Amino acid sequence: MLKLVYIVRKRADISEKDFHEYWLKHHGPLVRGFAKSMRAKKYVQSHTVSEDAGKQIRNTRPKMKETYDGITEVWWDSLEDFSSGGAVEERAEAARALLEDESKFIDFERSSIFFTEEHEIFDYTR
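A short tour of the structure in this document, coming up. (Residues numbered from 1 in each chain as written. Predicted model: local features only at pLDDT ≥ 70, side-chain atom pairs only at ≥ 80, totals over all residues. Heavy atoms only, no water.)

Moving on, we come to the overall build of the chain. Along the backbone of the chain there are 4 helices and 4 strands. Counting helices and strands in the order they occur from the N terminus, the chain gives β-α-β-α-β-α-α-β. Over its C-alpha atoms, taken along the principal directions, the chain stretches across nearly 45 × 40 × 25 Å. Evaluated residue by residue, the chain yields a buried proportion of 32% over its 126 residues. Sequence-distant contacts in the chain: of pairs separated by 6 or more residues, those separated by 24 or more amount to 81%. Carbon together with sulfur atoms contributes 56% to the accessible area of the chain, which is approximately 8900 Å² in total. (Helix = DSSP H or I, 4+ residues; strand = E, 2+ residues; numbered from the N terminus. Buried < 20%, exposed > 50% of the residue type's maximum accessible area, 1.4 Å probe, protein only. Contact = heavy atoms within 4.5 Å. Areas by Shrake-Rupley, 256 points an atom, 1.4 Å probe, with all protein chains shown as cover.)

Below, the structure is given as structure tokens:
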């Protein structure tokens, strides 16, 4: 499977509470609404918690300073499904609506987005 990873930082003019609430309760359902037209198979939001513990770990690594506010992960069966998923008009509408909504709470200049292929090393949860 192909996975999009979007590491996000909130806009400076939004409180941490409002950022997480908006992302989870407004943006999440918006993405779900476009999932079929985008041919997305799975969507997960990971919200940063326990900043003190995170800071302790970062301090053991050279030059790590800034925390991200969370991660979005979206899965497709293949790059072809991502590239050709759904009708052209539906995909364009989804892209427009999601970008417009993201601009309300994400600091694009301090965030990053990329594609990955997972290589599971272990999973003791099964």
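It is worth spelling out the environment of serine 78 at this point. Take serine 78: it is sitting in the loop between β3 (70-76) and α3 (79-84). When the C-alpha atoms of serine 78 and glutamate 117 are compared, they prove to be 10.0 Å apart, with 39 residues separating the residues in sequence. Polar side-chain contacts of serine 78 include one of 3.3 Å to the side chain of glutamate 80. A polar contact is formed between the side chain of serine 78 and the backbone nitrogen of aspartate 81, at a distance of 3.1 Å. (Polar contact = N/O pair within 3.5 Å; in protein donor to acceptor, adjacent residues only side chain to side chain.)

This brings us to helix α4 (residues 88-102). Helix length check: α4, at 15 residues, gives a terminal C-alpha distance of 21 Å against a target of 21 Å (1.5 Å per residue), a fit within 8%. Three or more residues of α4 are buried, namely Ala94, Ala97, Leu98, Asp101 and Glu102. Down the axis of α4, the buried side of the element spans an arc of 130°, and every buried residue falls inside it. Seen from the buried face of α4, the exposed residues on the opposite side, beyond 90 degrees, are Val88, Glu89 and Leu99. Packed against the buried residues of α4 are β1 (2-8) and α1 (16-38). (Expected span 1.5 Å × (residues − 1). Arc of directions from axis to C-beta.)

Nothing here speaks to function; it is geometry throughout.
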